[in-house]
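Coordinate inspection notes
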Amino acid sequence: MAAMKRPPLNSRLAAFGTTIFAEMSALAVSTGSVNLGQGFPDTDGPDRIAEAAVRAIRDGRGNQYPPGPGVPELRTAVADHQRERYGLVYDPDTEVLVTAGATEAIAAALLALVEPGDEVIALEPYYDSYAACIAMAGGTRVPVTLRPHGDRFVLDLDELRDAVTDRTRLILLNTPHNPTGTVLTREELAAIAALAVERDLLVVTDEVYEHLVFDTAEHLPIATFPGMRERTVTISSAGKTFSFTGWKVGWVTATPELITAVRSAKQYLTYVSAGPFQYAVAEALRLPDTYFTGLRDDLRAKRDLLADGLAQAGFAVFRPQGTYFLTTDIRPLGESDGIAFCRALPERCGVVAIPHAVFYDHREQGAPFVRFAFCKRTEVLQDAVKRLASL
């Protein structure tokens with residue numbers, strides 16, 4: 001058989017092979033390791049929400065194609081959530097779009113809003129799908145690096161301003177930030193908002209960890225800042241907040257013009273998805289505040305358990321302000337290559353983590369940093385801490 005003249009995968013995606021999450025999860029299985037790599041809970045969310053999905057299936061709600069923008073009950077619940085939590089008023093009929101998780105929302109937003117050659121600024125380290133989605137849209141990724149300062153990773157606002165050119169189309173934000181756990185401050189967000197208004201930029205903001213914020217940190221949607229509602233596409237989802245990551249229910253809130261643009265791309269991706277689960281998530285968004293407080297308290301205790309254990313094992317630890325990920329520096333252990341360290345860690349002590357370097361364009365910037373997930377049962381984290389002590 002003659003060889004193909006061109007490789008099967010198009011050039012835009014040639015740099016994106018198997019994700020690090022698939023590689024490390026497979027390593028966890030083959031070695032019997034505790035998997036603190038991929039960020040999914042090892043317990044399901046509230047029983048009443050699971051039962052709401054079962055009830056929707058039995059009642060025949062969502063078993064056939066739901067409406068393209070999402071079921072009205074969920075769109076209304078999302079609009080109510082944005083208004084009650086943040087004072088952001090959205091019309092559920094024209095300013096809310098339901099998606100197959102936040103991942104599809106990001107893809108649809110970038111495919112809709114970015115022309116080939118447009119520059120997209122992304123905070124580095126970034127979730128790996130950002131790079132792939134920018135590439136699929138034909139955009140040019142411009143990283144602005146978050147760097148460690150004291151006990152958190154911080155944004156250099158001068159570097160951000162210098163990154164904007166006449167070709168910049170939008171800024172892709174993520175706060176609370178995966179993988180560093182940083183929550184952007186009011187001052188940082190105000191500066192980003194002022195820059196977006198001054199340079200007439202759009203902002204796509206991934207806020208899936210909005211309810212996972214600890215201690216004195218506060219989640220502030222950038223759409224609440226002056227001049228930003230009309231230029232911001234806000235993305236969130238149910239997976240992280242309600243521990244049903246497999247349902248893949250996300251949403252977008254924005255102006256009618258921006259929603260129409262994003263929907264134009266989204267309808268040719270999945271068209272619709274997760275019909276019965278949409279009804280269940282509508283109920284989840286109306287859970288009492290005690291649920292969200294309890295979730296934060298539980299995760300904060302798990303964060304501290306793992307952070308203390310990692311520190312005792314010799315890591316330098318950045319205790320996160322948000323998300324359910326914890327970043328460490330491996331240099332105190334005499335290590336400097338996070339990728340090699342993570343590939344060897346399962347054999348060394350039976351724990352899987354994720355190297356930061358894969359989330360960077362400037363890989364040397366992320367080389368010594370390693371991410372651990374703490375969205376696991378307490379006994380699993382305790383087992384991991386014991387194993388890590390052998391380092």
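Residues numbered from 1 in each chain as written. Predicted model: local features only at pLDDT ≥ 70, side-chain atom pairs only at ≥ 80, totals over all residues. Heavy atoms only, no water.

By the naming in an unreviewed UniProt entry, the protein goes by Pyridoxal phosphate-dependent aminotransferase and is assigned to Streptomyces ficellus. Taken from UniProt, the Cofactor (unreviewed entry) comment for the protein reads in full: "pyridoxal 5'-phosphate". (UniProt positions renumbered as here; feature names shortened; annotations may be inferred.)

Glycine aside, the phi torsion of most residues is negative, and most peptide linkages are trans. In this structure, Pro-125 follows Glu-124 across a cis peptide bond, with omega equal to 5 degrees. Mapped onto the elements of the fold, Pro-125 is located in the loop between β3 (119-124) and α5 (128-136). With an omega of -10 degrees, the peptide bond running from Thr-175 to Pro-176 counts as cis. The residue Pro-176 is located in the loop between β6 (168-174) and α7 (186-198) in this model. Residue Asp-200 is not a glycine yet carries a positive backbone phi of 55 degrees. Topologically, Asp-200 is positioned in the loop between α7 and β7 (202-206). Despite not being glycine, Lys-248 shows a phi value in the positive range, around 55 degrees. As for its position among the elements, Lys-248 is in the loop between α8 (239-242) and β9 (250-253). (Helix = DSSP H or I, 4+ residues; strand = E, 2+ residues; numbered from the N terminus.)

With that settled, the discussion passes to the sheet that holds β6. Taken in spatial order, the eight strands line up as β2-β9-β8-β7-β6-β3-β4-β5 in an open sheet, and their pairing is mixed. On the outer flanks of this sheet lie β2 (96-99) and β5 (152-155), each paired with one strand and no other. Taken over all neighbouring pairs, the strand axes of this sheet differ in orientation by 25 degrees on average, direction set aside. Pairing of β6 with β7, which is carried by five bridges, proceeds in the parallel orientation. Across the sheet, the residue bridging to Ile-171 is Val-203, located in β7. Of the strands in this sheet, β2, β3, β6, β7, β8 (232-237) and β9 are in contact with helix α4 (residues 101-113), which crosses β8 at around 160 degrees. In the packing of helix α9 (residues 256-266) onto the sheet, contacts are made with β2, β7, β8 and β9, and the angle to β2 comes to roughly 20 degrees. (Pairing = 2+ DSSP bridges. Axes fitted to C-alpha atoms, helices over the stretch in contact; angles between N-to-C directions. Contact = heavy atoms within 4.5 Å.)

Strands sit in the order β10-β11-β14-β13 across an open sheet of four strands; the sheet is antiparallel. The sheet terminates laterally at β10 (316-318) and β13 (354-355), the two strands that pair on one side only. In the sheet, β13 pairs with strand β14 (residues 369-373) via two bridges, with the strands oriented antiparallel. Paired with Pro-355 across the strands is Val-370, a residue of β14.

The next point concerns the pattern of salt bridges. Two side chains of opposite charge can pair, provided their charged atoms sit close to one another. Enumeration according to the criterion identifies 29 salt bridges in this entry. With its nearest N and O atoms 3.0 Å apart, the salt bridge here joins Arg-83 to Asp-80. Here Arg-83 pairs with Asp-80, and both are found in helix α3 (residues 72-86), just three residues apart, close to one helical turn. Note on Asp-80: relative accessible area 15%, which makes it buried. (Salt bridge = Lys/Arg side-chain N within 4 Å of Asp/Glu carboxyl O. Buried < 20%, exposed > 50% of the residue type's maximum accessible area, 1.4 Å probe, protein only.)

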